[in-house]
Amino acid sequence: MDAGTLWSLGDYAAAGDRWAEASTRIAEAYATPDLAVLDVACGPGSLAVAAAAAGAEVTGLDAAPALLELARARADAAGVGVEWIEADMTALPFPDDAFDLVASAFGCMFAPEPEAMAAELARVCRPGGRIAVLAWTSESAFGAMGPLAASYLPGAGGGAPVHRWARAESIREVFAGLPVELDAAVRTVDVVWSDLDQAMAEITEGNPAWIGIRATVEPTGRWPELESRLRRLLADHGRAEDRFTLPVDYLETVATKA
Ligand SMILES: C[S@@+](CC[C@H](N)C(=O)[O-])C[C@H]1O[C@@H](n2cnc3c(N)ncnc32)[C@H](O)[C@@H]1O
């Protein structure tokens with residue numbers, strides 16, 4: 001299944017909106033009026049809409065038509081203009097040096113070839129501009145979910161190497177050879193649900209990646225075991241008080257192009 005079809009399944013935004021603060025922080029920190037901003041793998045558009053609200057000229061690109069439709073509706077509701085483009089992030093349909101800020105929140109980490117993706121981000125960023133990339137750290141609950149799922153997937157091993165975007169050391173390898181100066185820091189976003197049941201339902205029934213995982217694992221008869229291990233993983237990383245709070249660490253990498 002191609003990325004656009006996969007990510008149009010379910011309801012990514014139901015849970016994705018709960019960590020949108022990580023994206024809007026990037027817009028708040030770096031999007032200023034009249035800056036040309038590209039949100040790569042924009043999904044429902046949290047970063048793009050926040051950057052447009054800050055006065056930037058924004059383009060949001062994603063492969064999933066359903067998410068772009070939602071993003072467009074959200075921009076309209078917020079009264080901001082964003083150009084939405086359905087395309088593959090690994091071959092960005094823009095000339096060299098086209099943007100002042102090239103950002104990707106939990107998106108470009110899904111590229112099959114990280115070095116080629118980083119080169120593409122750098123290509124469309126103007127000299128002196130910034131590239132900002134967010135990826136869940138491997139130790140975080142969200143970072144640990146991928147390897148957990150992979151251990152139940154027949155013939156697993158061909159998935160995107162998302163972990164390469166998730167550590168300060170490996171991100172330097174990903175950008176090695178490109179004319180950029182890197183600054184990487186681990187940050188945390190608190191993802192809050194009413195309870196663990198709601199978290200599980202939104203992830204396993206709404207998250208496109210998990211809908212795909214479930215569809216593959218269910219015929220093997222091992223879904224109940226994977227579901228219960230996922231539940232334990234979330235419970236171990238989270239706090240169940242009046243609500244269920246999952247603090248999730250992510251690496252924020254900001255590359256300045258020479
Ligand atoms: C985890 S979501 C992140 C969405 C959004 N940036 C956010 O922070 O909520 C991953 C996004 O990557 C997009 N994506 C995955 N592979 C892609 C590709 N090859 N080209 C364009 N978009 C892609 C998906 O459609 C999805 O919107």
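Above this note sits the structure.
Since we're looking at a predicted model, the values are computed, not measured.

Visitor: Explain the nonpolar core residue by residue, including any values.
Guide: The nonpolar side chains of a soluble globular protein tend to be buried, and buried together. Formed by 91 residues in total, the largest nonpolar core has its most connected members in Ile131, Trp165, Phe175 and Leu234. When neighbours within four sequence positions are excluded, Phe175 is seen to be in contact with Ala118, Ile131, Trp165, Val180, Leu182 and Ala255.

Visitor: Mind laying out the packing of aromatic side chains, listing which residues take part and the relevant values?
Guide: Tallied over the full model, the rule gives 13 aromatic pairs. With 4.9 Å between their ring centres and 65° between their planes, Trp19 and Phe142 make a pair best called edge-to-face. A residue pair is termed long-range when its members are at least 10 positions apart, and Trp19 in the loop between helix 2 (12-16) and helix 3 (20-30) and Phe142 in helix 7 (residues 141-150) qualify at 123 residues. Overall, the relative accessible area of 7% leaves Trp19 in the buried class. When its relative accessible area of 11% is taken as the criterion, Phe142 is described as buried. Their ring planes at 5° and their centres at 3.8 Å tell us that Phe106 and Trp136 sit as a pair that is stacked.

Visitor: Residues and numbers for the site of the ligand, please.
Guide: The environment of the ligand is made up of 17 residues, and the closest members are Tyr12, Ala41, Asp62, Met89 and Ala105. Note that an oxygen atom of the ligand is positioned 2.9 Å from one of the side-chain N or O atoms of Tyr12. The contact in question runs from a nitrogen atom of the ligand to an N or O atom on the side chain of Asp88, over 3.0 Å. Coverage of the ligand by the protein chains reaches 94% of its 600 Å² of free accessible surface. When grouped by side-chain class, the residues that make up the shell around the ligand number 13 nonpolar, 2 polar and 2 charged.

Visitor: Can you lay out the pairing of strand 5 (residues 125-136) for me, pointing to particular residues and giving the numbers?
Guide: Bridging between strand 4 (residues 99-105) and strand 5 involves 6 bridges; their strand directions are parallel. Note that in strand 5 the partner of Leu101 across the bridge is Arg130. One ladder, built from 7 bridges, connects strand 5 with strand 8 (residues 244-257); its direction is antiparallel. Opposite Ile131, over in strand 8, you have Ala255 as the bridge partner.

Visitor: Give a detailed account of the packing of helix 9 (residues 196-206) against helix 10 (residues 208-217), specifying residues and quantitative values.
Guide: The geometry of helix 9 relative to helix 10 is characterised by a closest axis approach of 5 Å and an angle of 70° between their N-to-C directions. Regarding the angle of helix 9 to helix 10, the classification is roughly perpendicular. Along the contact surface, helix 9 presents Ile203, Thr204, Glu205 and Gly206, while helix 10 presents Pro208, Trp210, Ile211 and Arg214. Taken together, the residues of the contact of helix 9 with helix 10 sort by class into 4 nonpolar, 2 polar and 2 charged.

Visitor: Run through the pattern of salt bridges, naming residues and quoting values.
Guide: Here the idea is simple: oppositely charged side chains can pair when their charged atoms come close. Enumeration over the complete set of coordinates arrives at 15 salt bridges. Glu21 is the partner of Arg25 in a salt bridge, and the nearest nitrogen-oxygen pair spans 3.0 Å. Separated by 4 residues within a single helix, Arg25 and Glu21 lie in helix 3, roughly one turn from each other. Across the pair Arg164 and Glu115 runs a salt bridge, and its minimum N-O distance is 2.7 Å. Separated by 49 residues along the polypeptide, Arg164 in the loop between helix 7 and helix 8 (168-174) and Glu115 in helix 6 (residues 114-124) bring together distant segments of the chain. Taking relative accessible area as the criterion, Arg164 reaches 18% and is therefore assigned buried.

Visitor: Tell me what's going on with helix 3, and back it up with residues and numbers.
Guide: Looking only at helix 3, the buried set comprises Ala20, Ala22, Ser23, Thr24, Ile26 and Ala27. As for helix 3, its buried residues are in contact with helix 2, helix 4 (46-53), strand 4, strand 5, strand 6 (180-193) and strand 8.

Visitor: Tell me about the environment of Glu69, and please be specific about residues and values.
Guide: With respect to the helices, strands and loops of the structure, Glu69 is situated in helix 5 (residues 65-78). You can call Glu69 exposed: its relative accessible area is 57%. Separated by 113 residues in the primary sequence, Glu69 and Leu182 have C-alpha atoms spaced 33 Å apart.

Visitor: How would you explain helix 9 if you had to name every residue and give the values?
Guide: Regarding helix 9, the residues found buried are Leu196, Ala199, Met200, Glu202, Ile203, Thr204 and Gly206. On the buried face of helix 9, the contacting elements are helix 2, helix 7, strand 6, helix 10, helix 11 (223-237) and strand 8. Measuring from the backbone nitrogen of Asp197 back to the side-chain oxygen at the start of helix 9 gives 3.3 Å, which picks out Asp195 as the cap.

How each quantity is defined
- Residues numbered from 1 in each chain as written.
- Predicted model: local features only at pLDDT ≥ 70, side-chain atom pairs only at ≥ 80, totals over all residues.
- Heavy atoms only, no water.
- Core = buried A, V, L, I, M, F, W, Y, C linked by side-chain atoms within 4.5 Å.
- Buried < 20%, exposed > 50% of the residue type's maximum accessible area, 1.4 Å probe, protein only.
- Contact = heavy atoms within 4.5 Å.
- Phe/Tyr/Trp six-rings, centres within 6.5 Å; stacked < 30°, edge-to-face > 60°.
- Helix = DSSP H or I, 4+ residues; strand = E, 2+ residues; numbered from the N terminus.
- Near = heavy atom within 4 Å.
- Polar contact = N/O pair within 3.5 Å; in protein donor to acceptor, adjacent residues only side chain to side chain.
- Areas by Shrake-Rupley, 256 points an atom, 1.4 Å probe, with all protein chains shown as cover.
- Nonpolar A, V, L, I, M, F, W, Y, C, P; charged D, E, K, R; others polar.
- Pairing = 2+ DSSP bridges.
- Axes fitted to C-alpha atoms, helices over the stretch in contact; angles between N-to-C directions.
- Parallel < 35°, antiparallel > 145°, perpendicular 65-115°, else oblique.
- Salt bridge = Lys/Arg side-chain N within 4 Å of Asp/Glu carboxyl O.

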